[in-house]
Amino acid sequence: MTIMRHIVRFIVAAVVLMFVGFLVPGFSVSSFWTALLAAVVIALLGWVIEAMFGDRISPYNRGIVGFIVSAIVIYVTQFVVSGFRVTILGALLASLVIGIIDLFIPIKTHMDMRNGDAGNKQET
């Protein structure tokens, strides 16, 4: 069940990236598979940054630091994923749009990030 949940998250993240590519100037994704690979790379980069610097500088953190780190992660992803192009302004706007979308459709919950699978466990 856990693997399926992660697959769904990456698919949702890829759709969000394609939607952002449609809305944001300076941000382009060539295909769904490119968006899916970019979603995986963004998640991995976010995980590495969080592992190195902790929760306070995590791209999943809300606030100005999380916003800027998220924009940097999005910008760096273009150097890893072919068919994913973004300008600095496009990365900043994409980070803003993704943050707004995440308010309504959270891809990761805070419980999932801090406690592994604890976000799905029900209290008895």
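Residues numbered from 1 in each chain as written. Predicted model: local features only at pLDDT ≥ 70, side-chain atom pairs only at ≥ 80, totals over all residues. Heavy atoms only, no water.

Trainee: Go over the overall build of the protein chain with me, naming the residues and quoting the values.
Mentor: Secondary structure assignment for the protein chain yields five helices and two strands. Across the 124 residues in the protein chain, those meeting the buried criterion constitute 33%. Once local pairs closer than 6 in sequence are excluded, the contacts in the protein chain between residues at least 24 apart make up 59%. (Helix = DSSP H or I, 4+ residues; strand = E, 2+ residues; numbered from the N terminus. Buried < 20%, exposed > 50% of the residue type's maximum accessible area, 1.4 Å probe, protein only. Contact = heavy atoms within 4.5 Å.)

Trainee: Any details on the packing of aromatic side chains? Residues and values, ideally.
Mentor: This model, assessed by the stated rule, comprises three aromatic pairs. Ring plane angle 85° and centroid distance 5.2 Å describe the contact between Phe 27 and Phe 84, whose orientation is recorded as edge-to-face. One end of the pair, Phe 27, is in strand 1 (residues 27-29); the other, Phe 84, is in strand 2 (residues 84-86), with 57 residues separating them in the sequence. Exposure class is identical for Phe 27 and Phe 84. Each is buried. (Phe/Tyr/Trp six-rings, centres within 6.5 Å; stacked < 30°, edge-to-face > 60°.)

Trainee: Requested: an account of helix 3 (residues 64-77), with residues and values cited.
Mentor: Over its 14 residues, helix 3 extends 20 Å from the first C-alpha to the last, a length consistent with the 20 Å expected when each residue adds 1.5 Å. Those residues of helix 3 lying buried are Gly 66, Val 69, Ser 70, Ala 71, Val 73, Ile 74 and Thr 77. (Expected span 1.5 Å × (residues − 1).)

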